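Architecture at a glance
As a plain string of letters, each chain reads:
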Amino acid sequence: MNYEHASANAKLEILAAFGVPESVTDNASGPTFDDAEQEELGFWLHTELGHLKLIAHAFEKDAGNDMRLRYDTSTAEVLELPRRRRRAEAREE
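The following paragraphs examine the structure supplied in this document. Predicted model only: the values in this text are computed from it and were never measured. (Residues numbered from 1 in each chain as written. Predicted model: local features only at pLDDT ≥ 70, side-chain atom pairs only at ≥ 80, totals over all residues. Heavy atoms only, no water.)

Topic: the overall build of the protein chain
This is how the line gets drawn: Runs of E in the DSSP output that reach at least two residues are strands. Runs of H or I that reach at least four are helices, and both are numbered from the N terminus. When accessible area is computed with a 1.4 Å probe and restricted to protein chains, residues below 20% of their type maximum are described as buried, those above 50% as exposed, and intermediate ones as partly exposed. Note on contacts: a residue pair is in contact if any heavy atoms of the two residues lie within 4.5 Å. What sets the accessible areas is the Shrake-Rupley method with a 1.4 Å probe; for residues, cover comes only from the shown protein chains.
In terms of helices and strands, the protein chain carries 3 helices and 0 strands. Mapped from its N terminus to its C terminus, the protein chain presents α and β elements in the order α-α-α. The buried share of the protein chain, taken over its 93 residues, is 16%. The long-range fraction of contacts in the protein chain, counting pairs at least 24 apart against all pairs at least 6 apart in sequence, stands at 41%. Carbon and sulfur atoms form 53% of the exposed surface of the protein chain, whose accessible area is close to 7800 Å².

Written out as structure tokens, the structure is:
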């Protein structure tokens, strides 16, 4: 029983170290759906986009001055959430 507790605690500590909420790893047993969606949005905005920028910046030196690296986040549906909310507010107004 002590091993299970230590294992679960280690998992949470590792996820926290990398800025990954537990709901992103498909364990949304605690938070509600809306909370899980907000956690995923925060993960993308505060963690994932920063990592993508770091990776792209590291490769730009090798790519040369005339090339610029970009990353495609169009398949990340959660990044569409703020735009949907703004459109809904505009429609209501």
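On we go.
Regarding helix α1 (residues 2–17)
Stated formally: Expected helix span is taken as 1.5 Å per residue step, with the number of steps being one fewer than the number of residues.
With 16 residues, α1 extends 22 Å from end C-alpha to end C-alpha; this agrees with the ideal 22 Å at 1.5 Å per step. Among the 16 residues that make up α1, 1 are buried, leaving the element largely open to the surroundings. One or two positions beyond α1, positive phi appears at G19, with a value near 75°.

Quick notes on the packing of aromatic side chains
To be explicit about the condition: The aromatic pairing rule takes the rings of Phe, Tyr and Trp, using the six-membered ring of Trp, and pairs them if the centres are within 6.5 Å, calling planes under 30 degrees apart stacked, those over 60 edge-to-face and the rest tilted.
Here the structure, examined in full by the defined rule, presents 1 aromatic pair. Centroid distance F43 to W44: 6.5 Å. Interplanar angle 75°. Geometry classified as edge-to-face. Taken as a pair, F43 and W44 share a single burial class, namely buried.

A few points about the pattern of salt bridges
Rules: Any Lys or Arg side-chain nitrogen located within 4 Å of an Asp or Glu carboxyl oxygen qualifies as a salt bridge.
Under the counting rule described, the total for this entry stands at 2 salt bridges. Of the charged contacts, one joins R87 and E80 as a salt bridge, the two residues approaching to 3.0 Å between their closest N and O atoms. Owing to a relative accessible area of 39%, R87 belongs among the partly exposed residues under this scheme. According to the relative accessible area criterion, E80 is partly exposed, its value standing at 25%.

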